[in-house]
Amino acid sequence: FDVPFDDIAAIVGRTPEASRQLASRARRRVRGASTGHDVATQRRDELVRAFLEASRSGNISALLALLDPGATLRADAAVVAMGGAAYWENDRLEAGIEGADAVARTFSGRARAAQPVFIDGEPGAVWMHADEIRVAFRFRIREDRITAIDLIADRAVLAQTVIER
C-alpha cells in the first residue's frame, strides 16, 4: 500500500499513470461501486458515440444535430504542444472554437482513432498511442445536446482521472 506507482508500473509492465488508474478501479470495486450506469448516463453515452461516428464519417448535419448552437471546443496546452493545431487544422484550439458550425467543421472527418470511454464516470473518449492514453475528450452535455468538448493531454491531469473502457 505504500509502494510508489513508479515501482508498481515496473512490476506490472504499465506506465505509472496506467498503474494509478488500475489502483483507482480496484479501490472502487473493493468499496462495491457499481459499474452500471443510470439511464441518463447511458443516453449521454449514446450521444457521444453518435458524435464520434458522425465525426468519422464526416456527416456535418448529424454533428450539428448533436451539438448545442453555442457549443465550444477547447484543447489544453499539452494538446497544442503535441501538434493538435496541425491535426485539427485550427490554431484557435487553446483559446477555444465557438459555435456548433465551427465545432462540426473542425470534427468532420476526424476522431477516427478515438475510443469511447467513461471519464470520471461520464461518457467521453480517448485517443491512445502504444497502449497509452494520450488525449482525453471530455464532453459536457445538457438537454441531449453537446455543449462543450475539452481535449486534455496534460499528463498530471490524466494521471488523476479515472478512465474506464
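A.B. asks: What should I look at first to understand the environment of Ala 81 in this one?
C.D. replies: Relative to the assigned elements, Ala 81 resides in helix α5 (residues 77-81). Residue Ala 81 is classed as exposed on the basis of its relative accessible area of 69%. Sequence separation of Ala 81 and Ala 148 is 67 residues, and the distance between their C-alpha atoms is 21 Å.

A.B. asks: For this particular structure, what's the right way to read the pattern of salt bridges?
C.D. replies: Pairs may arise between side chains of opposite charge once their charged atoms sit close together. For the structure shown, the criterion picks out 11 salt bridges. One salt bridge connects Arg 155 with Glu 132, and the closest N-O pair in it is separated by 2.6 Å. On the criterion of sequence distance, the pair formed by Arg 155 in helix α8 (residues 155-159) and Glu 132 in strand β5 (residues 132-142) is long-range, its members being 23 residues apart. Classification of Arg 155 as partly exposed rests on a relative accessible area of 41%. Members of the salt-bridge network, linked through shared partners, are Arg 43, Glu 46 and Asp 144.

A.B. asks: Looking at this structure, I do not really get the nonpolar core. What am I missing?
C.D. replies: In globular proteins that are soluble, nonpolar side chains generally tend to be buried together. Counting 30 residues, the largest nonpolar core has Phe 51, Phe 107, Phe 137, Ile 149 and Leu 151 as the members making the most contacts within it. Listing elements by their share of this core, those giving two or more residues are α3 (39-57), α4 (60-66), β1 (67-75), α7 (100-107), β5 and β6 (145-152). In this structure, Leu 151 is in contact with Leu 73, Arg 74, Ala 75, Asp 76, Val 79, Trp 88, Val 135, Ala 136 and Phe 137, ignoring residues within four places of it in sequence. The next biggest cluster of nonpolar side chains, apart from the first, holds 9 residues, and it includes Met 128, Ile 133, Leu 158 and Ile 163.

A.B. asks: I would appreciate a short explanation of the environment of Ala 85 in the present structure.
C.D. replies: Its location among the elements puts Ala 85 in helix α6 (residues 84-87). Residue classification places Ala 85 among the partly exposed residues on the basis of a relative accessible area of 24%. The sequence separation of Ala 85 and Ala 75 amounts to 10 residues, and the corresponding C-alpha distance is 9.2 Å. Once you skip the residues sitting within four places of it in the chain, Ala 85 turns out to touch Asn 90, Asp 91 and Leu 93.

A.B. asks: Please clarify how the side chain of Arg 44 should be interpreted in this entry.
C.D. replies: On the secondary structure map, Arg 44 appears in helix α3. Of the polar contacts made by the side chain of Arg 44, one reaches the side chain of Thr 41; its length is 3.0 Å. Setting aside residues up to four positions removed in sequence, Arg 44 forms contacts with Glu 122, Pro 123 and Ile 141.

So, how was this worked out
Residues numbered from 1 in each chain as written. Predicted model: local features only at pLDDT ≥ 70, side-chain atom pairs only at ≥ 80, totals over all residues. Heavy atoms only, no water. Helix = DSSP H or I, 4+ residues; strand = E, 2+ residues; numbered from the N terminus. Buried < 20%, exposed > 50% of the residue type's maximum accessible area, 1.4 Å probe, protein only. Salt bridge = Lys/Arg side-chain N within 4 Å of Asp/Glu carboxyl O. Core = buried A, V, L, I, M, F, W, Y, C linked by side-chain atoms within 4.5 Å. Contact = heavy atoms within 4.5 Å. Polar contact = N/O pair within 3.5 Å; in protein donor to acceptor, adjacent residues only side chain to side chain.

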